[in-house]
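Report on the structure
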Amino acid sequence: MVREDRALVERIARQLNATVAWRHAAAETLYAELERRNIDLVAGGVPGKTPWSHRIGLTKPVGTFAAPDMGERRLAVPPGENRWLLTLNRLIARFQQDKAS
Amino acid sequence: VTIADLPPEIRKDLQHARRLEIVTLIVMSLLVVIVGLAMGSSQAMQTAWAEDLLSLVPPAVFLFSTWLERKEANARFPFGYERCHGIAFLVAAVALVAVGGFLLAEAVLTLIRQERPTIGSLSLFGEEVWQGWIMIGALVVAGVPPVILGHLKRPIAERLADKVLYTDALMNKADWMTSLAGIAGLVGIGFGYWWADAAAAGVIAFDILHDGWKSARIAILELADSVPRKLPSAELSDDAARIGAMLRQEKGVDGVRMRETGRMIDVVIIPGEHAPSLPNLEAKIRAEWRVANLSIGSRVVTDAPAGAGDVERARAALAKK
């Protein structure tokens with residue numbers, strides 16, 4: 001799960017000619033950093049149903065969880081970063097189409 | 001006076017108004033659903049929902065009170081049901097104030113908390129479409145009917161001296177202006193200004209509060225037996241000025257006391273030394289459909305502090321400075 005999301009982020013970064021500066025921390029810490037807009041993205045098992053959902057932005061689903069009641073897996077972005085969110089959603093949609101075809 | 005006693009053209013206008021209000025109730029309820037589906041379940045959505053619900057209040061109380069107006073006076077209501085329309089006016093005006101208040105509170109809270117609205121995207125025909133576009137579409141659809149309805153209601157409200165209907169037209173104005181502010185806000189968000197939505201809503205909220213306050217104030221004045229007022233300006237109503245001047249010229253009339261009972265006017269004559277004849281006075285104002293009740297008051301009030309019953313003085317005092 002985490003490895004899958006990591007590969008996805010690396011792939012997004014390649015598309016955008018960006019380098020990823022990874023930081024590892026507890027989810028709560030990362031969401032708080034995201035809210036303060038100190039980081040750009042949180043990946044690695046972000047549930048769609050997180051109580052943080054109205055304080056941060058969530059992309060479209062990127063996968064599922066082993067436990068079905070956790071909802072879909074997503075990536076998290078800082079609140080109000082609408083262009084960033086749209087860019088991510090478009091890339092995710094494109095990767096999913098590539099995979100399907 | 002019941003609706004059956006009103007002139008035919010007024011009865012026709014009233015029927016037209018009732019049909020318009022039924023259409024308003026149906027259309028606005030549908031819009032609540034459409035906008036709700038486009039907006040999702042955000043905090044802002046809950047406020048919008050509360051506002052939409054409140055915008056149904058004026059048409060609902062209009063239909064209820066005009067239904068009551070059809071009833072004749074009876075043992076329990078010896079003066080008839082005219083004043084119900086005055087109560088409906090207060091309720092409608094307070095609903096308008098509440099809409100403005102909700103909108104302003106929401107805008108201010110958003111600005112203080114510096115909440116940045118996050119708007120995602122939807123898959124439409126294999127394209128990721130920014131949800132803001134869909135919201136703008138929904139707001140355009142939601143904004144058109146209130147413009148038309150409000151435009152149709154205003155002239156009828158003036159002919160009917162119907163302040164509930166007038167307030168409802170103001171509510172329609174509040175509805176379409178809120179939609180317009182929402183569109184401006186979304187465009188602003190699209191350009192990266194997170195505060196655009198709240199700022200636009202805040203500006204509109206002041207306008208709605210201003211309209212609501214003017215209506216509520218006149219509604220309270222009416223229920224407190226002040227002289228009849230125009231709606232937008234709180235000046236003495238033209239009908240009252242005309243009726244007052246006409247009756248004042250009659251022999252034996254020392255003063256004319258008037259108050260508004262719903263759309264009607266209640267007239268009490270202050271008699272001089274020689275009381276005027278009531279049938280004479282009635283003949284004078286036959287053409288004035290708004291006079292629901294004309295009576296000759298007791299001589300006692302002539303000794304009351306000056307001014308009561310002096311229509312000219314009332315007009316001058318209320319005239320815009």
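See the structure shown above.
Let me begin by describing the structure that accompanies this report. Please read all numbers here as calculations on a predicted model, not as lab measurements.

1. Remarks on the pattern of salt bridges
This model, assessed by the stated rule, comprises 27 salt bridges over all chains. Two residues, A:Glu33 and A:Arg36, come together in a salt bridge whose shortest N-O distance is 3.2 Å. A relative accessible area of 15% places A:Glu33 in the buried class. Taken together, the salt bridges that share partners define one network made up of B:Lys163, B:Asp239, B:Arg242, B:Glu260, B:Glu288 and B:Arg290.

2. Describing the packing of helix α1 (residues 2–15) of chain A against helix α3 (residues 82–100) of chain A
All names here are of chain A. Relative to each other, α1 and α3 sit at 110°, their axes nearing to 11 Å. Classified by the interaxial angle, the pair formed by α1 and α3 is roughly perpendicular. At the point where α1 passes α3, the crossing takes the right-handed sense. Note on element contacts: α3 touches α1 through Leu88, Leu91, Arg94, Phe95 and Asp98, opposite Leu8, Arg11, Ile12 and Gln15.

3. Quick look at the layout of surface pockets
Size it by volume and the second largest pocket reaches roughly 670 Å³. A per-class count over the lining of the second largest pocket returns 20 nonpolar, five polar and four charged.

4. Observations regarding the sheet that holds strand β4 (residues 264–271) of chain B
Residues and elements named next belong to chain B. Strands sit in the order β3-β4-β5 across an open sheet of three strands; the sheet is mixed. In the strand order of this sheet, the two ends are held by β3 (253–261) and β5 (291–296), each with one partner. This sheet shows a mean twist of 20° between the axes of neighbouring strands, independent of strand direction. As judged from the five bridges shared by β4 and β5, these two strands associate in the parallel manner. Paired with Ile265 across the bridge in β5 is Val291.

5. Topic: helix α8 (residues 238–248) of chain B
All names here are of chain B. Those residues of α8 lying buried are Ala240, Ile243, Gly244 and Leu247. Along α8, the residues classed as buried sweep out an arc of 100° about the axis, all on the same side. Those residues of α8 that are buried are in contact with β3, β4, α9 (278–284), β5 and α10 (311–318).

6. Remarks on the nonpolar core
Note that soluble globular proteins tend to have their nonpolar side chains buried in a common cluster. Residues and elements named next belong to chain B. Core analysis: the biggest nonpolar cluster contains 44 residues, and Phe62, Leu160, Val164, Leu165 and Ile208 have the highest contact counts within it. Put simply, the parts of the chain that give this core at least two residues each are α1 (8–39), α3 (57–69), α4 (84–113), α5 (131–160), α6 (163–190) and α7 (196–223). In this view, Val164 contacts Pro58, Val61, Phe62, His85, Ala88, Phe89 and Ala92; residues no more than four positions away in its chain are not counted. Counting residues in hydrophobic clusters, the runner-up holds 15 residues, among them Ile243, Ile265, Ile269 and Leu294.

7. Observations regarding the interface of chain A and chain B
Each partner contributes to the interface: chain A provides 13 residues, whereas chain B provides twelve residues. Roughly 960 Å² is buried in total at the junction of chain A and chain B, and carbon and sulfur atoms are behind 48% of that figure. Note that B:Glu128 is salt-bridged to A:Lys60, the shortest N-O span being 2.5 Å. Counting the contacts that link chain A with chain B gives seven residue pairs in polar contact (both at pLDDT 80 or more). For the side of chain A that touches chain B, the element with the most residues is α3(A), which contributes seven residues. Class assignment for the residues of the side of chain A that touches chain B results in five nonpolar, five polar and three charged.

8. So, the packing of aromatic side chains
Under the defined criterion, the tally for this structure stands at five aromatic pairs over all chains. Their ring planes at 45° and their centres at 5.4 Å tell us that B:Tyr193 and B:Trp195 sit as a pair that is tilted. Residue classification places B:Trp195 among the partly exposed positions, given a relative accessible area of 41%. The ring centre of A:Trp22 lies 4.6 Å from the NZ or CZ of A:Arg6, which sits over that ring. Above the face of the A:Trp52 ring, A:Arg55 is positioned so that its terminal group lies 4.8 Å from the ring centre.

Rules used throughout
Along each chain, residues carry numbers from 1 onward, in the same order as the chain's sequence is written. Each chain takes a letter, starting from A, and each ligand takes a number, starting from 1, following the order in which they are written. The predicted nature of this model means local features are confined to residues of pLDDT at least 70 and side-chain atom pairs, given and counted, to a pLDDT of 80 or more, with totals for whole chains, interfaces and linings taken over all residues. Only hydrogens and water are removed before side-chain values are computed, so all heavy atoms of the structure are retained for them. Salt-bridge detection follows one rule: a side-chain nitrogen of Lys or Arg within 4 Å of a carboxyl oxygen of Asp or Glu. To sort residues, take the accessible area from a 1.4 Å probe on protein chains only and compare it with the maximum for the residue type: under 20% means buried, over 50% means exposed, and anything in between is partly exposed. Helix axes are fitted only over the stretch in contact, all axes being lines through C-alpha atoms; the angle between N-to-C directions runs from 0 to 180 degrees. Each helix corresponds to a stretch of at least 4 residues labelled H or I by DSSP, and each strand to a stretch of at least 2 residues labelled E; elements are numbered beginning at the N terminus. The labels follow the angle: roughly parallel below 35 degrees, roughly antiparallel above 145, roughly perpendicular from 65 to 115, and oblique for the rest. By convention, the crossing between two helices is left-handed when the near helix turns anticlockwise from the far helix through less than a right angle, and right-handed when the turn is clockwise. For this analysis, residues touch if any pair of their heavy atoms sits within 4.5 Å. A 1.4 Å probe that fits into a set of points on a 1 Å grid over the protein atoms alone but cannot get out defines a cavity; an open set with protein on both sides within 12 Å along at least five of seven lines defines a pocket, and lining residues are those with an atom within 4 Å of a point. Grid points are joined across faces, edges and corners, and a volume is the space filled by probe spheres set on the points. Side-chain classes follow a simple rule in which Ala, Val, Leu, Ile, Met, Phe, Trp, Tyr, Cys and Pro form the nonpolar group, Asp, Glu, Lys and Arg form the charged group, and the remainder, Gly included, forms the polar group. Strand pairing is assigned whenever DSSP identifies at least 2 bridges connecting the two strands. Along the arc lie the directions from the helix axis toward the C-beta atoms. Definition of nonpolar core: a set of buried residues of the types Ala, Val, Leu, Ile, Met, Phe, Trp, Tyr and Cys, connected through side-chain atoms within 4.5 Å. When two components associate, each loses some accessible surface as probed by a 1.4 Å sphere; the sum of these losses over both components is called the buried area. Polar contact is defined as a pair of N or O atoms within 3.5 Å, subject to the rule that within protein one atom must be able to donate a hydrogen and the other to accept it, and that residues adjacent in sequence are counted only when both atoms are side-chain atoms. Under the pairing criterion, centres of Phe, Tyr and Trp rings, with the six-membered ring standing for Trp, must be within 6.5 Å; the plane angle then separates stacked pairs below 30 degrees from edge-to-face pairs above 60, leaving the rest tilted. Any Lys NZ or Arg CZ that is within 6 Å of a ring centre and within 35 degrees of that ring's normal is treated as a charge sitting over the ring.

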